[in-house]
Amino acid sequence: MKPVKFFFRFLSRFKYGIVIVVGILLVVFIDKNSMMKRLAYSSEIQNLKEEIQKFTAQFRADSAMVVKLKTDPKAIRDIARKKYFMKQDDETIFVLSTDLNNEQE
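A short tour of the structure in this document, coming up. Note that the structure is predicted; figures quoted are calculated from it, not measured.

## A look at the packing of helix H3 (residues 35-71) against helix H4 (residues 73-84)
Here is step 1: Direction vectors running N to C along H3 and H4 enclose 115 degrees, while the axes themselves pass 5 Å from each other. Between H3 and H4, the residues in contact are Met 65, Lys 68, Leu 69 and Thr 71 and Pro 73, Ala 75, Ile 76 and Ile 79, respectively.
Here is step 2: In terms of residue class, the contact of H3 with H4 is built from six nonpolar, one polar and one charged.

Written as structure tokens, this is what we have:
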């Protein structure tokens, strides 16, 4: 009977402290909107903002390229030559590779 009495005495003496500790544990770890989830969400938001900046920069570069392609006929030729290795009839193109795996084979 003594342990039960001690337990109830402990609860009656520290009831506010116990409620506060349990409340803090609920808010920090267990709750649907817990602090741990908020920290994870803020990290994810930061990563998504960085990704938005990256795609915005890529969009601006691509938009500038589209404007250049619409206004400059030489730009189309330059892209075709660099990207797709197209050539004029009187030219020869040599593609040099710096790949180490080709040398070992």
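Here the narrative resumes.
## Considerations on H4
Here is step 1: Compared with an ideal rise of 1.5 Å per residue, which puts twelve residues at 16 Å, H4 spans 17 Å between its outermost C-alpha atoms and is within 8% of the ideal.
Here is step 2: In the segment just after H4, Phe 85 is the residue with positive phi, at about 55 degrees.

## Details of helix H1 (residues 2-13)
Here is step 1: A rise of 1.5 Å per residue sets the reference length of H1, with its twelve residues, at 16 Å; its end C-alpha atoms lie 16 Å apart and thus fit the reference within 8%.
Here is step 2: With respect to burial, H1 is a largely exposed element, only zero of its twelve residues being buried.

## Topic: a nonpolar patch on the surface
Here is step 1: Together, Val 21, Val 22, Leu 25, Leu 26, Val 27, Phe 29, Ile 30, Met 35, Met 36 and Leu 39 make up an exposed nonpolar region whose accessible area comes to about 960 Å².
Here is step 2: Of all the secondary-structure elements, those providing two or more residues to the nonpolar patch are helix H2 (15-30) and H3.
Here is step 3: When residues of the nonpolar patch are assigned to their parent elements, the largest contribution, seven residues, is made by H2.
Here is step 4: Tracing the chain through its elements places Leu 39 in helix H3.

Reading the values: rules and limits
- Residues numbered from 1 in each chain as written.
- Predicted model: local features only at pLDDT ≥ 70, side-chain atom pairs only at ≥ 80, totals over all residues.
- Heavy atoms only, no water.
- Axes fitted to C-alpha atoms, helices over the stretch in contact; angles between N-to-C directions.
- Helix = DSSP H or I, 4+ residues; strand = E, 2+ residues; numbered from the N terminus.
- Contact = heavy atoms within 4.5 Å.
- Nonpolar A, V, L, I, M, F, W, Y, C, P; charged D, E, K, R; others polar.
- Expected span 1.5 Å × (residues − 1).
- Buried < 20%, exposed > 50% of the residue type's maximum accessible area, 1.4 Å probe, protein only.
- Patch = residues over 30% accessible without salt bridge, like charges linked within 9 Å, V, L, I, M, F, W, Y side chains within 5 Å.
- Areas by Shrake-Rupley, 256 points an atom, 1.4 Å probe, with all protein chains shown as cover.
- Salt bridge = Lys/Arg side-chain N within 4 Å of Asp/Glu carboxyl O.

By themselves, these figures tell us nothing about what the structure is for.
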